[in-house]
Structures are given as C-alpha cells and as structure tokens.
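Listed here are the chains, written in short residue letters.
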Amino acid sequence: MKRPSPSGRLARRRRAWVAPVLALLLVLAACGYDETTVPSPQAATVDAGGGNDGPTCTNDGTQVRSYAPEGDVLSGDAVARIRKRGRLVAGVAADTFLLGSRDPSDGQIKGFDIDMATAIADRIFAPATGKLELRVITAAERIPLLQDGTIDIVARNMTVNCDRWEQIAFSAIYYDAGQKVLVGRDSGIRDIADLADKRICAPAGTTSIQNIQTIQPQAIPVTAGDNSACMVLFQNGEADGVSTDDTVLAGLAAQDPYAVVLDTPFLTDEPYGIGVNADDVDLVQLINVVLEEMRADGRWQDSYDRWLRPSLQVPGKQPKPQYGR
Amino acid sequence: MSQQAPHPQPAADFGEDVPRLLNRLQVAAVALCVLFGVLAALFQVLSWQANGRAADNTEQVVRVQEIQTSLLRADAIATTAFLVGGLEPPEARAAYDAAVDDVLRLITDAADAQPADRQVLADLNVEVRTYTTAVAQARDYNRQNLVIGIAYLNSAGDALRSDALPIVQALVDANSERAVDEMDGQSPILLLIVGVLAVGGLVLVNREISRRFHRRVNVGVVGAAAGIGLLTLVIAVHAGTRSSANADTRDGAYDTAVSEASARTAANDAKAQESQGLINRGSGAEYEELFAVAAETVEQNASPATLRLWRDYVVEHQEVRDLDDRGNWDDAVALATSSDAGDPTAALDAVDAAAEQVVSDAADQAADSFGSGGVVALALAVLTLLGGLVAAAAATWGINQRRREYS
C-alpha cells in the first residue's frame, strides 16, 4: 500500500481543521435567542374583608338617634355659613345606579340620595337652583372631607353606626337598607342555603363578605374593587352572586334583566343617614326638619317610588326619626 | 539569484531527524496560518451577523414599543370618547379601531420577525382581545345609559395595565437586551489575540528552523508572519472602528428611538388617566397620581421638540383638573373632549405625532447604521481567509526551501 506523501498528509490534516471550524461557524450562525418570558407578577394580597380595625363601640340601637330639631333651624352657625357662601356642597356618588349616578344622556347626577341633598338645599336657599354643588367623592373620602370642611353633607348611601358617630354627626335615618344577595334569574338559587359552594362577590375591605361567610360558611368568597366590579365578575360568569346593600343591588339588577335580588330578610341592617360635620349640630337639626317635611308632603315617597320601588318591588316606608342625642 | 545551498548544521543533536522536524514545523506553520485565516474570518462574519441582528433587534424593539403606544392610544381614545356619552363620535371610534388594527398588525409583524417572541406575542394577542371585548361591552352599556359601563371600562383599563402591558414590557426588555448584546458583537481584541498568537507561533517556527540552519530568517515563514501581522492590524482597526460606531449609535439614534417611544407611550397613558379621572367622578386625585407618574416618564425621555408640545398639553390638562376640582365637571369634560385646536386632545395628538416622527427617524437611522458596512466587513473576512491561505502557502514554500537544501 502506497504511503501517503507528507504533503498529502498535510492536506488531510488541513481538511481536518476546516471541517469542525466550518461546523462551528454554521452552529454559531444558526444560533437563536432564548424564548422571551414574562416575569411573574408579585402575588397580589387580597383583603378578604374587614378593612377597618373594627368598632371600638357597640351598636346597641342608640346609634340611630339624632339631634331633635329645635328653634329656628335656619339661624344656626353652620346654616348661616352655607347661606353666606351661597351654595351647599354635598358629597355624593356618581356610579351607584338609583342612588347617585350620572345619567349619560344629559350628564346630570340623579338618584334617591341626590333627591335628599336637593331637598336640603331647597330648604336652605328656597329654591336650590344653582346653589347645590354635587361633589362626587369616594366612600373613603366621606368622613375626611366632612371633617376638613370641604363638603357640608354626605348623601352617599352612608350607614349610621356608633363608630362613625365618634367622628361625625348624622341626621335621622332616611332609609333602612340591609345586606342582600343578587343572583342569576335562572340560577336555581332561592335562599341563603343555596349559596353553599357558590362564588359570592363583595367589595374588598368591606364587612359584606364576612357577613356572608358568617351566615353561609360554605359560600366561596370572591372580592373585587367595588360593587360594580363585582357585577362585572357576575356578568362574566366569574361569580355566582353579588352581596351588598339592597339599594345598591337594586341599581345593579336594574341594569341586568337576568339578575334578581334574593327575597330574603336582611343579612345585616344598614340604616342610612346624611353625614354632617360633628360641630354642625344646627345643620343636622335642619336636615331632620327637612326629612319630616318630605314625609309630610310625600316627597320622600315620590322619590322612593321613582328610584327604588321598581327594582326592590316592595313598598318603601320612611323610618320614624329617633332623637335624644 | 542562485544561492549556495549550505549544508545542514544540526545544532546539538547529530541524531536528530531534521526532515521529520521540518515536516512538523511545516504542519505547525500551515496550521497556524489556516487557523488564523479561518478564525479571524469567522469572527468577522459573526460580528457582521451581530450587527445585522442588532439592526433587526432595534426594529423589533421599536415595533413592540409601537404596540405599547398603540394600546395606550386606543385606551386614551376609548376613555375620552366614553366621556362624551352614549353616542360615541364617529371619528373617535375610527381612531380607536385604527389603533387596535395597528396593534394586531404589529403583533403579527413582530411574531414573523422574531421567533423567540412568538409565544409571548400569542399571549399578548389573547389579552388584547380581552381588552377590546371589555371596551366593546363598556361602549354598549354606555350607549344604553347604564352606569355599569364605567365598571367595564375600568375593568378593561385595569386588565390592559396589569395583564397586557407587562407582556409588552417584557418584549421591550428582551429585545433591548438582544439589541445591546449584538451591538457589542465586534471583537477587535479577539482578532488581535488570534493574530498575535499566529505571528508568535510563526516566529517560534522560524526560530526552530534558524537554530538548525545558518539562516536567521526563513523568508517564507517570516513573510507569512508579516502578512498576518499586517492583516491583523487592518481587521482589528476596522473592528474597533465598527465597535466605536456601534457605541455611538447605541448612545445616539438607538437611545433616542427607545426613549422617545417611552415618552410617547407615557403621554398616551397620561391622557387616558386624565379621562379616567373624569369618568370616575370623585377619583380625580387618584388618577392624577397616575398621571404624574406618566408625566415624569415623558419629562425624562422626550426629545426637546416633543417636550415643548407636551408642556403645552400639560397646561391644558391642568385647566381640566382645575375645572373638575372646583366642581365644574361639565366644563372639565367639555374641555377634555373638545377636538378644537389648542385644547387637550389636539395638544396630545400633536405630542403623539411629533414623537412618532422622532421615533421613526431615529429607529431608521439606528438600523441603517448597524446594517451599514456589510460589504466591507465581508470583503475583509474573505481577504482574511485568503490571506491565511496565502500565508500558509508562503510558510510551506519557505520550509520547502530548507527541505531542499537539506536533501
């Protein structure tokens, strides 16, 4: 066998170098990138309820007592201040259908709570045209804005309780609301017992979800930012029901023909009052006069019949005032 | 010129197999030359490819930032139109649809351009569909004058920011990282090392030969070393120049494109927050905080011309907020939704258009810069490979001379 010449061996060795280098070139040139990945978001902490640290007092029934009207209700300091300013500033909601919401057709805020604020302004200014400033506020802003004097009153489905009485004052109760549950019309849910294993939504940071769990421990709590966000979850099939005040539920049900409010006793009592700065006792007294005038001349009933009765489907009755504070 | 062939003079070991040694030295010299040629050419080809990928990745960065901007522009238009009431202005609807169409087209383009992004872009597609569905539901409810529409709009905006935008941001980050990595793909030092090693090896070969023959210099081997040295100098200087140009582009046009796109995205986000603050009456302060965050991003990233337009818009925005904060919500909405020249919407449109132009120009400039010089780079790579082979031939010739002298 013929031995390869040195130059032949050299040529083979040269080829031996070239092959892996070319292979390396091909591998490097064909090299792709690692797949793009999205960093996992940090786990969100969900406030399943509670929110506040809890009351430091007991709601023993006396919390619904307000200041009895006395004397000329238009002569007090707070009312004089408002008259001098030329307008009553009321903190209201604009996203709670039937209580206080903006009518997209004309941009005006309308509802049961708005009627209350309008009646109060009417009494101070007679009439209130152009003298009622509706200041849209969040639930969390109600007490701070009253305390710092930014607003004169709150007419925003505000529950009267002893804890809040320690911070602000309230009128007599103008509506006895209570927690109920909204469900699908044909969902088969007829009472609280049927809520077992059902996903019930309530706003995070409220006591509503705790109340449901107390009454039906087998219900599955779901939280969202607010009542409307709960309704979105309900309509998208991510919750089987929504639980909050019956008045709010009435507004939600009025926007969805496939939703009904369960006809059950109130899970909790939520008496609504008009919130006022703790120092403005004379304004509270004036509001209590207005509420009784609305009872007498039928304006309260008219407002209830217009806004809440079609959805709640029960005749409403204005609560009797309790004084003695 | 005829040379008198000297007789071989084994330096120390008279029993040494000189022809065998010469063979080995020849193999070593040829290997060094070929290895230099191949490796140096390879590094240059890889660097040229890196620059091409830097250009492609720059275009992808701009593309995904355009997705980000278009999404927030769609949201700004949707939220502003929502304020008008149930009857959405047709031009606002058309602008929203155009922005969403842009997003969907860009997602497809981006998936075609970068396979590594495809899975994430598919996920983004799902989130965009979720967003547009929620906006459509919000619009339907608003048209029926039902306030639940606000909740759907909020839900759409929240989902956009919590689910879709993090995906887009991940795409921006990943492609920016790829682009910057590729910009560093030039390797003058590596070329210098390869060249110096080759030259050093050839010098050693020459020394081994000179120790066994009377000639201090083997013309072929030293010529190969000199050629490789010269070639190394040329390609290293070229790579250094390209590296420096890449750094200039990265700090110049590329940075301008990316920063301006961030500013444009933030400007549209700010307008959406302005509208949200009016839609969610009573929550103006909350949305104003989000506006301030977006505004800070614009201030830090916008080009001077865009920044001037942005500040014009901020003056208009402040007027909207002042009206709303004084309780004059209707006038605030009228101002925020007006399409008249000088009003907030037109002012924001001017910011958007100016920023879009800056991004487009700077991105083209950056991509062109990274992609330029390809012919020279490839020609040098071929020259290097040929140079290595010529050097190998020279070294072979030089050592063959000694072999002939020995035989």
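This structure is a prediction, so every number in the text was calculated from the model and none was measured. (Residues numbered from 1 in each chain as written. Chains lettered and ligands numbered in written order. Predicted model: local features only at pLDDT ≥ 70, side-chain atom pairs only at ≥ 80, totals over all residues.)

A.B. asks: Go over the overall build of chain A with me, naming the residues and quoting the values.
C.D. replies: Across its full length, chain A holds 11 helices and 14 strands. A burial count over chain A gives 44% of its 325 residues as buried. (Helix = DSSP H or I, 4+ residues; strand = E, 2+ residues; numbered from the N terminus. Buried ≥ 20, exposed ≤ 12 C-beta atoms within 10 Å, placed from the backbone.)

A.B. asks: Tell me about the overall build of chain B, and please be specific about residues and values.
C.D. replies: Looking only at helices and strands, chain B has 11 helices and 0 strands in total. Starting at the N terminus, the α and β elements of chain B follow one another as α-α-α-α-α-α-α-α-α-α-α. Taken against the 2.2 N^0.38 rule, which gives 22 Å for 407 residues, the C-alpha radius of gyration of chain B at 33 Å runs more than 25% over that of a compact globule. With the principal axes as the frame, chain B shows a C-alpha extent of 110 × 35 × 30 Å. (Rg over C-alpha atoms; globule rule 2.2 N^0.38 Å.)

A.B. asks: Describe the sheet that holds strand β5 (residues 132-136) of chain A, with residues and values.
C.D. replies: Strand pairs in the sheet, formed through backbone hydrogen bonds, run parallel or antiparallel to each other. Residues and elements named next belong to chain A. Strand order in the open sheet formed by 5 strands is β5-β1-β6-β14-β7, with mixed pairing between adjacent strands. In this open sheet, the two edge strands, each paired with only one partner strand, are β5 and β7 (168-170). Sheet analysis places β7 next to strand β14 (residues 275-277), joined by 3 bridges and oriented antiparallel. Within β14, the residue paired with Phe-170 across the bridge is Gly-275. (Pairing = 2+ DSSP bridges.)

A.B. asks: Give me the lowdown on the interface of chain A and chain B, citing residues and values where you can.
C.D. replies: Taken together, the contact pairs 38 residues of chain A with 39 residues of chain B. Of all the secondary structure elements, the ones that give two or more residues to the side of chain A that touches chain B are α1 (6-30), β3 (100-102), β5 and α7 (227-235) of chain A. By residue number, the principal contributor to the side of chain A that touches chain B is α1 of chain A, which donates 10 residues. Of the residues that constitute the side of chain A that touches chain B, the class distribution is 20 nonpolar, 9 polar and 9 charged. (Contact = placed C-beta atoms within 7 Å. Nonpolar A, V, L, I, M, F, W, Y, C, P; charged D, E, K, R; others polar.)

A.B. asks: Quick one: what's the story with the confidence of the model for chain B, residue by residue and with numbers?
C.D. replies: On average, residues of chain B score 89 in pLDDT, and 96% of them are at 70 or above. What the predictor reports for the complex is a pTM of 0.76 with an ipTM of 0.73. (pLDDT = per-residue confidence, 0-100.)

A.B. asks: Can you break down the domain arrangement of chain A residue by residue, with the values?
C.D. replies: Residues and elements named next belong to chain A. Domain parsing of chain A yields domain 1 (62-174 + 273-312) and domain 2 (178-261). Between the C-alpha centres of domain 1 and domain 2 the distance comes to 28 Å. Tallying the contact residues gives 9 residues for domain 1 and 11 residues for domain 2. Taken together, the elements giving at least two residues each to the side of domain 1 that touches domain 2 come down to β2 (95-96) and α11 (309-312). When grouped by side-chain class, the residues that make up the side of domain 1 that touches domain 2 number 5 nonpolar, 3 polar and 1 charged. (Domains from an automatic or database assignment.)

A.B. asks: Describe in detail the packing of helix α3 (residues 118-143) of chain B against helix α4 (residues 148-183) of chain B, supporting the description with residues and values.
C.D. replies: All names here are of chain B. Where α3 meets α4, the axes come as close as 8 Å, and the angle between the chain directions of the two elements is 165°. In this view, α3 runs roughly antiparallel relative to α4, as classed from their interaxial angle. The handedness of the crossing between α3 and α4 comes out as left-handed. (Axes fitted to C-alpha atoms, helices over the stretch in contact; angles between N-to-C directions. Parallel < 35°, antiparallel > 145°, perpendicular 65-115°, else oblique. Left-handed = near helix turned anticlockwise from the far one by under 90°.)

A.B. asks: Account for the confidence of the model for chain A, naming residues and giving values.
C.D. replies: Regions with low pLDDT carry predicted coordinates that are not meant to be interpreted in detail. All names here are of chain A. In this model, chain A carries an average pLDDT of 85, and 86% of its residues clear a pLDDT of 70 or more. Here residues 1-14 is a poorly scored stretch, pLDDT under 50, and it has 8 contacts once near neighbours within four places are set aside; other chains count. Predicted confidence is poor over residues 43-52, with pLDDT under 50, and the contacts of this stretch with residues over four places away or in other chains come to 15 contacts.

A.B. asks: Describe the sheet that holds β2 of chain A, with residues and values.
C.D. replies: The strand order across the open sheet built from 3 strands is β2-β3-β4 (chain A), with neighbouring strands paired in antiparallel fashion. What marks the edges here is a single partner per strand, and that holds for β2 and β4 (109-110) of chain A.

A.B. asks: Residues and numbers for the nonpolar core, please.
C.D. replies: Counting residues in each nonpolar core, the largest one holds 218 residues, and the members touching the most others are Ala-117 of chain A together with Ala-29, Cys-33 and Ala-395 of chain B. The leading source of residues in this core is helix α1 (residues 18-84) of chain B, at 33 residues. In this structure, this core is formed jointly by two domains, domain 1 (62-174 + 273-312) and domain 2 (178-261) of chain A, each of which donates at least three residues. If sequence neighbours within four positions are ignored, Cys-33 of chain B has contacts with Ala-198, Ala-224, Ile-228, Gly-388, Ala-391, Ala-392 and Ala-395 of chain B. (Core = buried A, V, L, I, M, F, W, Y, C linked by C-beta atoms within 7 Å.)

A.B. asks: So what's going on with unusual backbone geometry? Which residues, and what values?
C.D. replies: The omega angle of the peptide bond from Ala-126 of chain A to Pro-127 of chain A is 0°, so this bond is cis rather than trans. Looking at the secondary structure, you find Pro-127 of chain A in the loop between α3 (112-125) and β5. Even without being glycine, Asn-157 of chain A reaches a positive phi, approximately 25°. Topologically, Asn-157 of chain A is positioned in the loop between β6 (153-154) and α5 (162-165). At Asn-145 of chain B, a position not held by glycine, the phi torsion is positive, near 60°. Structurally, the position occupied by Asn-145 of chain B is in the loop between α3 and α4.

A.B. asks: Describe in detail α4 of chain B, supporting the description with residues and values.
C.D. replies: Taking 1.5 Å as the rise per residue, α4 of chain B with 36 residues should run 52 Å; its terminal C-alpha atoms sit 51 Å apart, in good agreement. The largest bend along α4 of chain B measures about 40° and falls at Leu-165 of chain B, with the proline Pro-166 of chain B one to four residues further on. (Expected span 1.5 Å × (residues − 1). Bend = angle between axes of the 7 residues up to and from the residue.)

A.B. asks: Could you give me a rundown of the environment of Glu-238 of chain A, with the residues and numbers involved?
C.D. replies: Considering the arrangement of structural elements, one finds Glu-238 of chain A in the loop between α7 and β11 (241-245). Counting along the chain gives 39 residues from Glu-238 of chain A to Arg-199 of chain A, while the straight-line C-alpha distance between them is 7.8 Å.

A.B. asks: Could you give me a rundown of the pairing of strand β8 (residues 175-184) of chain A, with the residues and numbers involved?
C.D. replies: Residue and element names in this part refer to chain A. Within β8, 7 of the 10 residues are buried, which leaves it mostly tucked inside the rest of the structure. By the bridge criterion, 5 bridges tie β8 to β11 in an arrangement that is antiparallel. Looking at the pairing, Val-181 lines up with Ser-243 of β11. Where β8 and strand β12 (residues 259-261) come together, 3 bridges link them in antiparallel fashion. Paired with Gly-184 across the two strands is Ala-259, which belongs to β12.

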